[in-house]
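Given next are the chains, with one letter for each unit.
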Amino acid sequence: MSDDLGLFGPDSVSWRVHREPVLWLAGLRALYLQALHPRAVAGVVQNGDIRRNCWPRLMRTAEYVGTVVYGTTEQAEKAGRRVRRIHDRLRAHDPVTGEEFRVDDPHLLRWVHVTEVESFVSTARRARIGLTDADVDRYYAEQTRAAALVGLDPATVPAGAAEVDEFYRSIRPELALTAEARDVARFLTMPPMPGRVVALGRPAWLGVATAGFALLPRWARRLYRLPGLPTTDVAASLTVLGLRGVVNALPVRDGPIYRDALRRAEQARGQVAA
């Protein structure tokens with residue numbers, strides 16, 4: 001594949017999945033899920049106050065994902081190097097043992113990667129984007145390239161739905177609702193907002209956050225001390241489907257990263273046709 005078309009290209013499942021604006025919900029779901037790993041959440045909390053500059057931080061994360069998926073190979077690799085440099089100097093202490101650990105420990109990086117990509121593809125399916133089981137497996141396999149950008153060996157990253165399920169089964173004994181996880185979940189649900197938008201923004205965000213939380217696996221909702229009822233799954237799926245319809249009906253313009261990716265794809269098709 002041409003480096004100009006990036007890590008995945010226009011025929012990839014990754015391009016199709018991440019085209020959907022409703023996947024903002026998936027990003028929020030992933031954050032709720034990631035907070036359930038005591039070391040992962042300690043690494044975040046002990047290396048900065050998430051209450052400060054939370055919105056720019058979320059936007060930078062979204063921009064990183066967009067660059068990895070739709071940017072050129074050079075842009076994606078540059079973004080990955082920047083993340084690795086940041087992680088390389090960060091340390092934290094285990095909340096139970098007090099042991100110091102690296103934030104870029106491969107075990108933690110795998111947890112963050114898997115929760116992220118599983119959140120994206122599971123939310124996409126519940127929004128009825130039209131992914132087959134084979135598409136899901138292909139998406140996970142494609143995303144091992146994104147895992148390599150943050151320093152993971154792709155061979156150690158789950159590359160299919162069955163491997164992701166097994167990963168979750170193996171890591172669940174490590175998960176817990178710590179005080180730090182409660183704080184992060186509370187923050188995600190009720191983040192600070194500018195005074196001029198809080199009257200309208202707070203109820204709207206609460207609805208989005210509730211939907212993102214409801215998308216969690218039942219076992220994760222139970223860890224948060226909330227019921228893991230099948231009816232919640234049904235309601236969450238209907239909410240995502242409804243939100244997708246609303247968002248897609250809005251005159252929302254595609255971001256510059258995606259527009260540039262489409263331009264490069266058109267150029268590549270023109271060169272082939274010539």
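Predicted model only: the values in this text are computed from it and were never measured.

**Observations concerning the overall build of the chain**
Phase 1 of the analysis: Scanning the chain from terminus to terminus reveals 13 helices and 2 strands.
Phase 2 of the analysis: Here the C-alpha radius of gyration of the chain, 19 Å, is about what a compact globule of 274 residues would show, namely 19 Å.
Phase 3 of the analysis: When its C-alpha atoms are laid out on the principal axes, the chain stretches across 60 × 40 × 40 Å.
Phase 4 of the analysis: Relative to its full complement of 274 residues, the chain shows a buried share of 46%.
Phase 5 of the analysis: Summarising the internal contacts of the chain: among those between residues at least 6 apart in sequence, 72% fall at separations of at least 24.
Phase 6 of the analysis: Total accessible area on the chain is roughly 14400 Å²; 57% of this is exposed by carbon and sulfur atoms.
Phase 7 of the analysis: When the 38 basic and 31 acidic side-chain charges of the chain are each reduced to a single mean position, those positions are 7 Å apart.

**Examining the packing of aromatic side chains**
Phase 1 of the analysis: Under the definition given, this model contains 9 aromatic pairs.
Phase 2 of the analysis: Ring centres of Y70 and Y258 lie 5.0 Å apart, and the angle between their planes is 85°; this geometry places the pair in the edge-to-face category. Taken together, the residues Y70 in helix α4 (residues 54–70) and Y258 in helix α13 (residues 256–273) connect sequence positions 188 residues apart.
Phase 3 of the analysis: Counting every residue linked through ring pairs, the aromatic cluster contains W111, F167, Y168 and W219.

**Notes on helix α5 (residues 73–88)**
Phase 1 of the analysis: With 16 residues, α5 extends 22 Å between its outermost C-alpha atoms, agreeing within 8% with the 22 Å of an ideal straight helix rising 1.5 Å per residue.
Phase 2 of the analysis: Listed as buried for α5 are T73, A76, A79, G80, V83 and H87. The buried residues of α5 occupy an angular sector of 130° when the element is viewed end-on, so they sit on one face. Those residues of α5 that are exposed and aimed more than 90 degrees away from the buried face are E74, K78 and R85.

**A closer look at the environment of V246**
Phase 1 of the analysis: Mapped onto the elements of the fold, V246 is located in helix α12 (residues 230–249).
Phase 2 of the analysis: Residue classification places V246 among the partly exposed residues on the basis of a relative accessible area of 49%.
Phase 3 of the analysis: Through-space distance from the C-alpha of V246 to that of W24 is 14 Å; in sequence the pair is 222 residues apart.

**Quick notes on the nonpolar core**
Phase 1 of the analysis: Counting residues in each nonpolar core, the largest one holds 76 residues, and the members touching the most others are Y32, L33, Y64, W111, Y139, Y168 and Y224.
Phase 2 of the analysis: Per element, the largest residue contribution to this core is 8 residues, and it comes from helix α6 (residues 106–126).
Phase 3 of the analysis: Not counting residues within four places of it along the chain, the set of residues in contact with L33 comprises W111, T115, E118, Y168, L216, P217, W219 and A220.

**Side note on the packing of α6 against helix α8 (residues 161–171)**
Phase 1 of the analysis: At a minimum axis separation of 11 Å, α6 and α8 run at an interaxial angle of 130°. The angle between the axes of α6 and α8 places the two elements in the oblique class. Crossing of α6 over α8 shows left-handed handedness. Between α6, through H107, R110, W111, V114, T115 and E118, and α8, the contact on the second element is made entirely by V164, F167, Y168 and I171.
Phase 2 of the analysis: Looking at the contact of α6 with α8 residue by residue, the classes come out as 6 nonpolar, 2 polar and 2 charged.

**Comments concerning the side chain of E180**
Phase 1 of the analysis: Counting through the fold element by element, E180 comes out in helix α9 (residues 179–189).
Phase 2 of the analysis: Take E180: its relative accessible area is 18%, and that puts it in the buried class.
Phase 3 of the analysis: Each residue touching E180, except ones within four places of it in the same chain, is listed here: P38, V41, A42, V45, Q46 and P95.

**Thoughts on the pattern of salt bridges**
Phase 1 of the analysis: Counting across every chain of the model gives 15 salt bridges.
Phase 2 of the analysis: Close ionic contact of R39 with D94 constitutes a salt bridge, the shortest N to O distance being 2.7 Å. In this pair, R39 sits in helix α3 (residues 38–45) while D94 sits in the loop between β1 (91–93) and β2 (100–102), placing the two residues 55 residues apart along the sequence. Pair check on accessibility: R39 and D94 agree, each one buried.
Phase 3 of the analysis: For R264, the salt bridge is made with D260, and the minimal N-O distance between the two is 3.1 Å. Residue R264 and its partner D260 are both found in helix α13; the two are separated by 4 residues, about one turn of the helix.
Phase 4 of the analysis: Owing to a relative accessible area of 7%, R264 belongs among the buried residues under this scheme.
Phase 5 of the analysis: Through salt bridges with shared partners, one network takes in R39, D94 and E99.

**Concerning α6**
Phase 1 of the analysis: With 21 residues, α6 should reach 30 Å at 1.5 Å per residue; the first-to-last C-alpha distance of 30 Å fits that figure.
Phase 2 of the analysis: With 16 of its 21 residues buried, α6 lies for the most part within the structure.
Phase 3 of the analysis: Looking at where α6 begins, the residue whose side-chain oxygen comes 2.7 Å from the main-chain nitrogen of H107 is D105.
Phase 4 of the analysis: One or two positions beyond α6, positive phi appears at R128, with a value near 60°.

Definitions and limits used
Residues numbered from 1 in each chain as written. Predicted model: local features only at pLDDT ≥ 70, side-chain atom pairs only at ≥ 80, totals over all residues. Heavy atoms only, no water. Helix = DSSP H or I, 4+ residues; strand = E, 2+ residues; numbered from the N terminus. Rg over C-alpha atoms; globule rule 2.2 N^0.38 Å. Buried < 20%, exposed > 50% of the residue type's maximum accessible area, 1.4 Å probe, protein only. Contact = heavy atoms within 4.5 Å. Areas by Shrake-Rupley, 256 points an atom, 1.4 Å probe, with all protein chains shown as cover. Lys, Arg positive; Asp, Glu negative; His and termini not counted. Charge placed at Lys NZ, Arg CZ, Asp CG, Glu CD. Phe/Tyr/Trp six-rings, centres within 6.5 Å; stacked < 30°, edge-to-face > 60°. Expected span 1.5 Å × (residues − 1). Arc of directions from axis to C-beta. Core = buried A, V, L, I, M, F, W, Y, C linked by side-chain atoms within 4.5 Å. Axes fitted to C-alpha atoms, helices over the stretch in contact; angles between N-to-C directions. Parallel < 35°, antiparallel > 145°, perpendicular 65-115°, else oblique. Left-handed = near helix turned anticlockwise from the far one by under 90°. Nonpolar A, V, L, I, M, F, W, Y, C, P; charged D, E, K, R; others polar. Salt bridge = Lys/Arg side-chain N within 4 Å of Asp/Glu carboxyl O. Polar contact = N/O pair within 3.5 Å; in protein donor to acceptor, adjacent residues only side chain to side chain.

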